[in-house]
Amino acid sequence: MDMREIVKSFCHSGPAGAVVLPLAERLGLPLVVSFHGTDASMKDSWIWFRSYMAHRLYLVRRRWLSRRVSRVVVPSRFLWEIVVKRHGFP
């Protein structure tokens, strides 16, 4: 695949978006991130001490990701409230 054929990056979780974020920014690609549950709803303190590394990276890059993401996809009003109102995503 030629890199010029890539037009958008879609990540299936907030932590995946945090991992892909630097590459999407470097390539100038729009970034779409979907949240499905615990990737958005877990308490930050719990993530720091009990979750996996990409989830911790999401906490570190969350503000950057919220400013850079083109679109957010959530399956419920409950998650929308968390992602948009608490975490500051558009």
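Residue indices follow the written sequence of each chain, beginning from 1 at its first position. Totals for whole chains, interfaces and linings use all residues, but because this is a predicted model, local features are given only for residues with pLDDT of at least 70 and pairs of side-chain atoms are given and counted only at 80 or more. Each side-chain value is derived from all of the structure's non-hydrogen atoms; neither hydrogens nor water enter the calculation.

**Things to note about the overall build of the protein**
Helix and strand labels come from DSSP, where a helix needs a run of H or I of at least four residues and a strand needs a run of E of at least two; each type is numbered from the N terminus. Scanning the protein from terminus to terminus reveals five helices and three strands. Counting from the amino terminus, the protein carries its helices and strands in the arrangement β-α-β-α-α-α-β-α. With the radius of gyration taken over C-alpha atoms, the globule rule is written as 2.2 Å times the number of residues to the power 0.38. In terms of overall dimensions, the protein is globule-like: its C-alpha atoms have a radius of gyration of 13 Å, near the 12 Å expected for 90 residues. Seen through its principal axes, the protein has C-alpha atoms that stretch 40 × 25 × 20 Å. Evaluated residue by residue, the protein yields a buried proportion of 40% over its 90 residues. Only protein chains enter the area calculation, which uses a 1.4 Å probe; residues under 20% of their type maximum are buried, those over 50% are exposed, and those in between are partly exposed.

**So, a nonpolar patch on the surface**
Side chains of Trp48, Phe49 and Val60 sit close together on the surface and give an oily, nonpolar patch of about 380 Å² of accessible area. Inspection of the secondary structure assignment puts Trp48 in helix α3 (residues 44-50). When its relative accessible area of 41% is taken as the criterion, Trp48 is described as partly exposed. Like charges within 9 Å and nonpolar side chains (Val, Leu, Ile, Met, Phe, Trp, Tyr) within 5 Å are joined into patches, using only residues over 30% in relative accessible area that form no salt bridge. For accessible areas, the Shrake-Rupley method is used with a probe of radius 1.4 Å. Any residue's cover is judged against the shown protein chains and nothing else. Here, a salt bridge means any side-chain nitrogen of Lys or Arg that lies within 4 Å of a carboxyl oxygen of Asp or Glu.

**What to know about the side chain of Ser34**
Relative to the elements of secondary structure, Ser34 occurs in strand β2 (residues 31-34). Judged by its relative accessible area of 2%, Ser34 falls in the buried class. Not counting residues within four places of it along the chain, the set of residues in contact with Ser34 comprises Phe10, Cys11, His12, Ser13, Gly14, Asp39 and Val73. Contact between two residues is taken to exist if any of their heavy atoms lie within 4.5 Å; hydrogens are not considered.

**So, the pattern of salt bridges**
Inspection of the entire model under this criterion finds four salt bridges. In this structure, Glu25 engages Arg68 in a salt bridge whose closest nitrogen and oxygen atoms are separated by 3.5 Å. Taken together, the residues Glu25 in helix α1 (residues 14-27) and Arg68 in helix α4 (residues 53-68) connect sequence positions 43 residues apart. Classification of Glu25 as partly exposed rests on a relative accessible area of 38%. In this structure Arg68 comes out as buried when scored by relative accessible area, which is 18%.

**Regarding the packing of aromatic side chains**
We call Phe, Tyr and Trp rings a pair once their centres come within 6.5 Å, taking the six-membered ring for Trp, and we label the pair stacked below 30 degrees between planes, edge-to-face above 60, and tilted otherwise. Enumeration according to the criterion identifies two aromatic pairs in this entry. Aromatic pair Phe35 and Phe89: ring centres 5.3 Å apart, planes at 70 degrees, arrangement edge-to-face. Of this pair, Phe35 sits in the loop between β2 and α2 (38-41) while Phe89 sits in the segment after α5 (77-86), and the two are 54 residues apart along the sequence. With respect to burial, Phe35 and Phe89 carry one shared label: buried.

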